[in-house]
Structures are given as structure tokens and as C-alpha cells.
Amino acid sequence: MQSISDEEAAHEAYILLLLSDANLPTGSFVASAGLESYIKHGFFSTSIDPAAISPFSAALPSSDTSDIKELPTPPRLTSATIRFLQDSVQSYGRSALPFVGTVHGILEKGNSDSGARDDFQEILRLDALYESMTLNHVARRASKAQGVALLTLYSKVSSISYRKKLNNYVQGFSEPLWIPKGRSPLSQSMTTLVDRLKVEIRRGKSPGHLPICWAVLAAALGLTEERSQHLHIFLHARALLSASVRLNTVGPYAAQQLLLHVVEPMVQDAVARSRDLKVHFVENPGEQDSDLVGEEDGPANTWPLGEILSGRHDQQHSRIFNS
């Protein structure tokens, strides 16, 4: 990573704090990423002692149940919450981070105007691919709603037009100098790119999924690819714990304990597994069975059960989340 001064590091840390704000108007507050459906389908009804297995196990013991025992309600629900967190974070990291990294890399290249047009079409292509890889309508709906909310957030808060408004009230306001010129949050090129993407979404020509729009926002604000991916997965895990509190599977203090002691290694592991994965297209897809190169090293859904239960979210008789 390029060395930066203390002032530049303070600017970047401040951007991270802004994007980590729970009050950020992105719509994540009404999404549970399948947790509500998971609970309603009875998968929190039994659990095992959290000390009996690692919370990072991919699955419960299938045959030997001698160590399984009933627990008082709080430990049982906490154990089940941890297992859901682990499966969801790992699956989302494998499916979303390759798209975040690929889009971020496209925007970091800083090509010429002609190349920029090609890059924009590549972003739209990646957005369409993520749409096809998201297998249920509930996850698609939540992802698109949060994605367009991020673009709206950029337009309302970070764009060059807002700088002009601030100049009427604040003297000496200027953009942080540490942000590369081609990716400045106040640059006309990034504002134009975001506006074009919003137009394509409104016309129904591009879905505007969350990982794609997040990468655009993070790159526009000057975050590195590594920080962008890490923060994206952390926010996913934090949103799950927020939903858990409202679903009464853990209390607010227990949620903070999990966020401090359990979620950190989960996030680190998910990022380490998927941060280097990218999405590559072949030049002539008609000559192969697939238009993707190296599918085994690209995005994938690693938790079919979660996908199925998420797709059944709308079948619940009562629900408090949109997904």
C-alpha cells in the first residue's frame, strides 16, 4: 500500500467513519439477509454448546451427537446466531468480494476517455452477471434497493454539485488532496459516471446491485480496494447483528460482545479467502461453454441452504424485514 502522511491517513480514517455510520441512508436497516426466514423455519430451535465446536465450523457434526446438549435459551440463541453469522459472512464474501474487487480495479486504472467508456460497459456487464448469480428474488430486491441508495447518497452528499452549494456558506472548502485526481469525490468525471449508472438503472438496463454500487462509491471516495472490501464485509456482519437484536435472538450487549470478539476473525477470514478473486470474461464466449474465465477462482454461492431460505422470506405470514 502506498505510504501516506498523517494528514492523509486522518482523511481516510474519517471517510471510513462516515461509511460506518449506522444512520447512513442505504436501506440496510430493513434487510436481514435471510436471518428472519432462517429463524421462522425453525433453525434456531436447537443448537449445541458453543464450546463443543468452533464457531467457524462449516457444518454441525452429522453423526456423533453425544456432545450435543440442550442449553438455556440465551446461550442456545447466541450459538445459533454465531453459526448463521459465519455461514452468511463466508457465503456473501465469496459471492460479493470478487465483484467489489473487479469494479474497484476498473475504476482505479484511470484510463483515457475512450477507455472510460469501455470501462463503463464492463461495469454494466458485471452488474448483469451479479444479477444472474443472485438466485432468489428477495436477495435481488434487497441488493438493488441498497445499491441505488448508495449512488443516491453519493449524488446528494459527495458530488461536485454539492461542493458548489457549500461554497456559498463555507470559505476555503476544498477536496482532500490525498485522493487521486481521477477518483476524487468532487471530480466531474466520477460524478458523471455515477449519474450515468443511475440513468441506466432507472431505464431498467442495469439492476444496480449492492456490491457493484459499493465499489463505485468506495473508489469515488478514494478508498483502497483492500479497505473497500474489508469495510463491505464488516458492514454486512454488523447489519446481521442489528437484525438479530431486533429479532430478539441476542441482546444489545451480547451483540457488541460478538462484534468485538467473534465477528472480527470472521471478517478477516472471509476477506482473506476472497479478496484476490476476480471476475474475468473471455473474448469469444461462443467458443466455450461459459463466458467466464477461471470459474473456480471467481464468485460463487457457498451456502445453498441460506439461498433457499432467503427465497422463502415472502412466504412468512408476518415479517418485519424486507429480506
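The structure presented is a predicted model; accordingly, all values stated were derived computationally and were not measured. (Residues numbered from 1 in each chain as written. Predicted model: local features only at pLDDT ≥ 70, side-chain atom pairs only at ≥ 80, totals over all residues. Heavy atoms only, no water.)

Q: Summarise the overall build of the chain; cite the residues concerned and give the values.
A: Secondary structure assignment for the chain yields 12 helices and two strands. Secondary structure of the chain in N-to-C order comes out as α-α-α-α-α-α-α-α-α-α-α-β-β-α. Evaluated residue by residue, the chain yields a buried proportion of 46% over its 323 residues. Looking at the chain as shown, the accessible area adds up to about 16700 Å², and 53% of this sits on carbon and sulfur atoms. (Helix = DSSP H or I, 4+ residues; strand = E, 2+ residues; numbered from the N terminus. Buried < 20%, exposed > 50% of the residue type's maximum accessible area, 1.4 Å probe, protein only. Areas by Shrake-Rupley, 256 points an atom, 1.4 Å probe, with all protein chains shown as cover.)

Q: Lay out unusual backbone geometry in plain terms, naming residues and giving numbers.
A: Negative phi is the rule for most residues except glycine; trans is the rule for most peptide bonds. The phi torsion at A33 lies on the positive side, around 55°, for a residue other than glycine. Note on placement: A33 falls in the loop between α1 (6-19) and α2 (35-40). By relative accessible area, A33 is classed as partly exposed at 36%. The phi dihedral of N248 is positive, around 65°, even though this residue is not glycine. Residue placement: N248 occurs in the loop between α9 (225-246) and α10 (252-261). In this structure N248 comes out as exposed when scored by relative accessible area, which is 61%.

Q: Quick rundown of the packing of aromatic side chains? Include the residues and the values.
A: What the rule picks out here adds up to six aromatic pairs. Taking the centre distance of 5.4 Å and the plane angle of 70° together, the rings of F84 and W303 count as edge-to-face. Of the two residues, F84 is situated in helix α3 (residues 73-108) and W303 in the loop between β2 (292-293) and α12 (304-311); the sequence distance between them amounts to 219 residues. The exposure class of W303 is buried, given its relative accessible area of 13%. (Phe/Tyr/Trp six-rings, centres within 6.5 Å; stacked < 30°, edge-to-face > 60°.)

Q: Would you mind going over a nonpolar patch on the surface in detail, with residue names and values included?
A: A contiguous nonpolar patch, built from Y14, L17 and L18 and spanning about 340 Å² of accessible area, is present on the exposed surface. Within the element layout of this structure, Y14 appears in helix α1. (Patch = residues over 30% accessible without salt bridge, like charges linked within 9 Å, V, L, I, M, F, W, Y side chains within 5 Å. Salt bridge = Lys/Arg side-chain N within 4 Å of Asp/Glu carboxyl O.)

Q: Quick rundown of the pattern of salt bridges? Include the residues and the values.
A: In the structure shown here, the tally under the stated rule is five salt bridges. R141 serves as the salt-bridge partner of D314, at 3.1 Å between the closest nitrogen and oxygen. With D314 in the segment after α12 and R141 in helix α5 (residues 137-158), the pair connects residues that are 173 residues apart, well separated along the chain. Owing to a relative accessible area of 24%, D314 belongs among the partly exposed residues under this scheme. Since its relative accessible area comes to 35%, R141 is described here as partly exposed.

Q: How would you explain the nonpolar core if you had to name every residue and give the values?
A: Grouped burial of nonpolar side chains is what soluble globular proteins tend to show. With 70 residues, the main nonpolar core has L19, V103, L126, W214, V216 and I233 as its most contacted residues. W214 has contacts with L19, V100, L150, S228, L231, H232 and L235, leaving out every residue within four places of it along the chain. (Core = buried A, V, L, I, M, F, W, Y, C linked by side-chain atoms within 4.5 Å. Contact = heavy atoms within 4.5 Å.)

Q: Can you explain the confidence of the model for the chain? Please cite residues and give values.
A: Low-confidence regions, as indicated by low pLDDT, have predicted coordinates that should not be scrutinised in detail. Looking at the chain, the pLDDT average stands at 79 and 73% of residues meet or exceed 70. Note that residues 47-72 has pLDDT below 50 and, in this model, 31 contacts with residues that lie over four places away or in other chains. For residues 111-115, every residue scores under 50 in pLDDT, and the model assigns this stretch two contacts once sequence neighbours within four places are set aside. (pLDDT = per-residue confidence, 0-100.)

Q: How would you explain the side chain of Q146 if you had to name every residue and give the values?
A: Mapped onto the elements, Q146 comes out in helix α5. Taking relative accessible area as the criterion, Q146 reaches 12% and is therefore assigned buried. Other than its neighbours up to four places away in sequence, Q146 contacts T26, G27, S28, A31 and L210.

Q: So what's going on with helix α7 (residues 188-202)? Which residues, and what values?
A: Between its first and last C-alpha atoms α7 spans 21 Å; for 15 residues at 1.5 Å apiece the expected length is 21 Å, and the two agree. Of all the positions in α7, only M190, T191, L193, V194, L197, K198, E200 and I201 are classed as buried. Among the residues trailing α7, G204 stands out with phi positive, at a value near 80°. (Expected span 1.5 Å × (residues − 1).)

Q: Describe the environment of A149, and please don't skip the residues or the numbers.
A: Mapped onto the secondary structure, A149 falls in helix α5. Expressed as a C-alpha distance, the spacing of A149 and W214, which sit 65 residues apart in the sequence, is 9.9 Å. Setting aside chain neighbours within four positions, we find A149 in contact with P25 and T26.

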